[in-house]
Amino acid sequence: MFTLEGHTRSVRAVEFCPDGRLVSGGEDRTLRIWDVSTGQPVVTIAARRIIYTIAVSRDGQWIAYSGRPLSSHRDGNSVSILNAVDVSKEPDLEWEMYQTPPTIWSLAISADGRYVVAACRKPGGGGIPNGASAHWWDRTSPDRQGELPQNQVYSLAFAPVGHALAIARRKTVDLLDSPDEAPRTSFELPSDWAEGIAYLPNSKTVVVGINSFLCFLDTDSKQIAKRVKTGIPRITCLCVSNDGSRLAIGGRAPEGVEIYSLPDRQLLRRYDFQLGGVNGISFSPDGLTLAIGGERGIIICDT
């Protein structure tokens, strides 16, 4: 286990690239791309915003990031699309998203990098933001874009292949075959908001983190297949290993990280890395390493 030194404030998002590089961003308004083997950043990009969310395409070609613009920024926000192969270039695209509120908390990018979807949140009770509107873009045809018809969207995830999209909104998860299509099925959630959402590699199961529970949604039977009680009172993030054998979750109140085996969904181990609240979590491509981003930085640990 070791710490990546560089961010000067809370780390909000971490995502591994298929080639093993790690992308991170946070409240110090920098996007950093790390060589985890040396513990050193390869690239540091000064962003125009606090970075709340990062998405990496599974083909390793594209990195998307966004968050909350500076108060001096015009009313609105944008999603930056970075060429992951040549990160020395300026972002390839800056897609504008004019609306209130402008804070983007969740991003998803399709496996082939074609579609990018962004969801906003707005201030809510107890310091927890509520879901708001969401927007999609087609990277291959920038004129093709639009608002998702769903409102109160909280978090998003693409399937590991194709363009299927899972949308967690207030008390509901909608499944779409593509961002520009209507939902083909919906699940009723046992609580208002799901902060973490992901497809399992088989693309037939969606897992969501709701308060202290993991809910596994069977997309064939259109039912919640199982609910698992975790030891984390508020799940804030989750990720699935590429081989589908493990699920990692992070959270707060109190903070912690838990790893579960799949498909039996049994707790394997629990950690407290003293990071404060955990905001982001990501498995390395080979599943042997886990990156955890939190209020006090980034931890890299063997799994």
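See the structure printed just above.
Predicted model, so just to flag it, every value in this text is computed and none were measured.

With that settled, the discussion passes to the environment of Ile63. Within the element layout of this structure, Ile63 appears in strand β7 (residues 62-69). Judged by its relative accessible area of 0%, Ile63 falls in the buried class. For Ile63 and Leu238, which are 175 residues apart along the polypeptide, the C-alpha to C-alpha distance reads 19 Å. Contacts of Ile63, omitting those with residues within four sequence positions, involve Cys17, Val23, Ile33, Ile54, Ala55, Val56, Ser80, Ile81, Leu82 and Ala84.

Below, the discussion takes up the nonpolar core. Core analysis: the biggest nonpolar cluster contains 17 residues, and Val173, Leu175, Ile197, Tyr199, Val206 and Val208 have the highest contact counts within it. No other element matches strand β19 (residues 205-210), which puts three residues into this core. Apart from the residues within four sequence positions on either side, Tyr199 is in contact with Ala157, Phe158, Ala159, Pro160, Ala164, Leu165, Ala166, Leu175, Thr205, Val206 and Val240. Membership of the second largest hydrophobic core comes to 16 residues, among which are Cys17, Val23, Leu31 and Ile33.

Time to look at the sheet that holds strand β23 (residues 246-252). In spatial order, the strands read β22-β23-β24-β25; together these four strands make up an open sheet with antiparallel pairing. The open sheet has two free edges, formed respectively by β22 (234-240) and β25 (266-271), since each of these has just one partner strand. Sheet twist, expressed as the mean angle between neighbouring strand axes with direction ignored, is 25°. As paired elements, β22 and β23 share six bridges and run antiparallel to each other. In the strand pairing of β23, Arg234 is matched with Arg252.

Let's shift gears to the environment of Ile167. Mapped onto the secondary structure, Ile167 falls in strand β15 (residues 165-169). When the C-alpha positions of Ile167 and Tyr154 are compared, they lie 7.6 Å apart, and in sequence the two are 13 residues distant. When sequence neighbours within four positions are dropped, the list of residues in contact with Ile167 reads Leu148, Gln150, Val153, Ser155, Leu156, Thr172, Val173, Asp174, Leu176 and Ile197.

The alternating pattern of strand β18 (residues 196-199) places Gly196 and Ala198 and Ile197 and Tyr199 on opposite faces, both of which are buried. Sheet topology note: the β18/β19 ladder contains four bridges and is antiparallel. From the neighbouring strand, Tyr199 faces β19, where its bridge partner is Val206. Between β18 and β19, which follow one another and run antiparallel, lie five residues, and Ser203 among them has a positive phi close to 60°.

Bringing the side chain of Thr53 into the picture now. As for its position among the elements, Thr53 is in strand β6 (residues 49-56). Here the side chain of Thr53 touches Leu107 through a polar contact of 3.1 Å, landing on its backbone nitrogen. When near neighbours in sequence (up to four residues on either side) are disregarded, Thr53 contacts Ala13, Ala64, Tyr65, Ser66, Ile104, Trp105, Ser106 and Leu107.

So, on to the pairing of strand β2 (residues 11-16). Of all six residues making up β2, five are buried, and the element is well covered by its neighbours. Two strands pair when backbone bridges link them, and β2 and strand β3 (residues 22-26) are joined in this way by five bridges, in the antiparallel orientation. When the sheet's bridge partners are listed, Glu15 is paired in β3 with Val23. Between the end of β2 and the start of β3, which pair antiparallel, lie five residues, with Gly20 showing a positive phi angle near 100°.

About the criteria used
Residues numbered from 1 in each chain as written. Predicted model: local features only at pLDDT ≥ 70, side-chain atom pairs only at ≥ 80, totals over all residues. Heavy atoms only, no water. Helix = DSSP H or I, 4+ residues; strand = E, 2+ residues; numbered from the N terminus. Buried < 20%, exposed > 50% of the residue type's maximum accessible area, 1.4 Å probe, protein only. Contact = heavy atoms within 4.5 Å. Core = buried A, V, L, I, M, F, W, Y, C linked by side-chain atoms within 4.5 Å. Pairing = 2+ DSSP bridges. Axes fitted to C-alpha atoms, helices over the stretch in contact; angles between N-to-C directions. Polar contact = N/O pair within 3.5 Å; in protein donor to acceptor, adjacent residues only side chain to side chain.

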